[in-house]
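Chain and residue survey
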Amino acid sequence: MTRAGPSVGIARLAGMTFPVLVQVPGQGHAMAFLQGAAERPHHAYVFAGPEGSGKSLAARAFAAALICHRGGCGECRDCRLALKDQHPNEFLVEPEGRDIHVNTIREEVWTPVSRTAPEPGRKMFVVREADRLSPAAADTLLKVLEEPPADAVFLLMSARAHELSDTIRSRCHTVTFTALSEAFVVDVLVAEGVDETRARLAARLTGGNLGRARRLAVNEDGLAFRDAAVEALDQAARGPTGALEAADTVMAAATGYKKSMKVELEQELAPFLDEKGRPEDMYRGAIRRIETRFQRRERRAERDYVDWVLLAVSALLRDRVAAQVGARRDELLNPDLAPGGELSVVRAARGLAGVEGARAELAEDLNLNTRLVLERAFLCLADIAA
């Protein structure tokens, strides 16, 4: 391998702008840096910043700018695919379970990095949640970063970049993303045509995560997880039997969400199929990567959805505490709903602790029985409501 050089077959003009990079809102300093970096890119970057700050959107835009033969126009096939994480020259690495394992780095980075790109131009390697690299995986990635090929650029994204090893960070340029304010997220969504009340609700329920807030606000079933939380909370208030019914409600909602994901896979594969719906030979590698990535997401889908529901339950309980101490309606996380319930502050806080404990359990141990964790959480809620 040879260290990245100034040219990989894509002509760049000094001082040129990359339109696709202008489309990332709220991160002026980071995107200004990337505008300059796109003219003569370094071989590796760390995108550091909190969840929801726009790192993923920026990574897609930067990948499009470096792959596109028209300077990141945002309109061509290369840009359209890159902005959806679907370009054949993009290799995405994500945690499988809690960690990113060494075999994943070997298959998704080590092997393809030394091969010719599927299509002319650069290869982009995007490592999400890079702080979750296992020690062996980090060592393997480091070997690639020490002697990168000239046609590859690596983007490591992390909300905890300080947990990356010093040796990896020393070989990357760090691009810092700051948290987006609720007001900013609301303004962006309203400018895109979202009702202001819905936009504010989406911003609060997602903690200012613009991408998730947009999906929640725009999708017809974007609030389905909260509907499940409201129903489950009402069921748990009826006692132990209701608590078990609440667990049923949440598990059924999570199963429905998992089944609905099949449509997303079909949409991702569509650009690489011929007119008869068969995979085109030259894109079999890209198709395999998309299918593998989907399988990983599908395995996480049920637990992710359960976490969303429990987070919504926490928000509803938090609103009950806030209402008891005199918070105004517009200060609630769910300003469109009456807080409900006559729980004391102490009881609501106990229930909130139980729900957050369940979320922590599910995040920490992937071998836990999700249903049993839910049952314990809702039995706790049934107890405080008694």
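Here the structure is shown first, and the text comes after it.
Here the structure is a predicted model, which means the values were calculated and not measured. (Residues numbered from 1 in each chain as written. Predicted model: local features only at pLDDT ≥ 70, side-chain atom pairs only at ≥ 80, totals over all residues. Heavy atoms only, no water.)

**Thoughts on the side chain of His43**
Counted only if it meets this: A run of H or I in DSSP becomes a helix once it reaches four residues, and a run of E becomes a strand once it reaches two; helices and strands are each numbered from the N terminus. What qualifies as a polar contact is a pair of N or O atoms within 3.5 Å, subject to a donor-acceptor requirement within protein and to the restriction that residues adjacent in sequence count only when both atoms come from side chains.
When you line up the elements, His43 lands in the loop between helix H1 (28-39) and strand S1 (44-48). Side chain to side chain, His43 and His42 meet in a polar contact 3.5 Å long.

**Considerations on the state of the cysteines**
Selection rule: Pairs of cysteine sulfur atoms within 2.5 Å are identified as disulfides in what follows. The buried label goes to any residue with under 20% of its type's maximum accessible area, the exposed label to any with over 50%, and the partly exposed label to all in between, with areas taken from a 1.4 Å probe on protein chains only.
For the structure on display, the rule yields zero disulfides. Looking at Cys76, it has no disulfide partner, and the nearest cysteine sulfur is the one in Cys68, 3.6 Å off. The exposure class of Cys76 is buried, given its relative accessible area of 10%.

**Topic: unusual backbone geometry**
The phi torsion at Asp85 lies on the positive side, around 60°, for a residue other than glycine. For Asp85, the position within the fold is in the loop between helix H3 (77-82) and strand S2 (90-93). Positive phi, close to 50°, is recorded for Glu129, a residue that is not glycine. The residue Glu129 is located in the loop between strand S3 (123-127) and helix H5 (135-146) in this model. Residue class for Glu129 comes out partly exposed when judged on its relative accessible area of 29%.

**Observations concerning the sheet that holds S1**
Note the threshold: Strands are treated as partners if at least two bridges between them are detected by DSSP. To get an axis, fit a line to the C-alpha atoms, keeping to the stretch in contact for a helix; angles then go from 0 to 180 degrees between the N-to-C directions.
The strand order S2-S3-S4-S1-S5 describes an open sheet built from five strands, whose pairing is parallel. Whereas interior strands pair on both sides, the edge strands pair on one side only; in this sheet they are S2 and strand S5 (173-176). Ignoring strand direction, the axes of neighbouring strands in this sheet form an average angle of 20°. Where S3 and strand S4 (residues 152-158) come together, five bridges link them in parallel fashion. Opposite Lys123, over in S4, you have Ala152 as the bridge partner.

**Topic: the side chain of Asp85**
Under the relative-accessibility criterion, Asp85 is labelled buried at 8%. Polar contacts involving the side chain of Asp85 include one to the side chain of Arg60, which spans 2.8 Å.

**Side note on the nonpolar core**
Where we set the bar: Grouping buried Ala, Val, Leu, Ile, Met, Phe, Trp, Tyr and Cys residues that are joined through side-chain atoms within 4.5 Å yields what is termed a nonpolar core. Pairs of residues are marked as contacts when any of their non-hydrogen atoms sit within 4.5 Å.
Judged by nonpolar contacts, the single largest core of 47 residues is most densely connected at Leu189, Val306, Leu310, Leu374, Phe378 and Leu381. Of all the elements in the fold, those that place two or more residues in this core are helix H7 (182-191), helix H8 (196-205), helix H9 (210-218), helix H10 (224-236), helix H11 (240-260), helix H13 (284-324), helix H14 (345-364) and helix H15 (370-385). Per-element tally for this core: the top contributor is H13, with nine residues. With residues near it in sequence (within four places) discarded, Phe378 still touches Ala232, Ala236, Ala243, Ala246, Ala247, Val250 and Leu310. Counting residues in hydrophobic clusters, the runner-up holds 33 residues, among them Ala58, Ala59, Val153 and Met157.

**A few points about the packing of H14 against H15**
Filter applied, for reference: Reported orientations rely on four angle classes, namely roughly parallel under 35 degrees, roughly antiparallel over 145, roughly perpendicular from 65 to 115, and oblique for the rest.
Contact pair H14 / H15: the axes reach a minimum separation of 9 Å and the direction vectors enclose 175°. The angle between H14 and H15 falls in the class roughly antiparallel. Only Thr370, Val373, Arg376, Ala377, Cys380, Leu381, Asp383, Ile384 and Ala385 of H15 make contact with H14, whose side of the interface consists of Arg347, Arg350, Gly351, Gly354, Val355, Ala358, Glu361 and Leu362.

**Comments concerning the packing of aromatic side chains**
Inclusion rule: Only the six-membered ring of Trp is used, alongside the rings of Phe and Tyr, when aromatic pairs are assigned; centres must lie within 6.5 Å, and planes under 30 degrees apart are stacked while those over 60 apart are edge-to-face, with the rest tilted.
Following the criterion strictly, the structure yields nine aromatic pairs and no others. Judged by centre distance (5.3 Å) and plane angle (45°), the rings of Phe47 and Phe177 are tilted. Pair noted here: Phe47 is in strand S1 and Phe177 is in the loop between S5 and H7, with a separation of 130 residues, a long-range link. For the pair Phe47 and Phe177, one class covers both residues: buried. Taken together, the aromatic side chains of Phe33, Tyr45, Phe47, Phe62 and Phe177 make up a single cluster linked through ring pairs.

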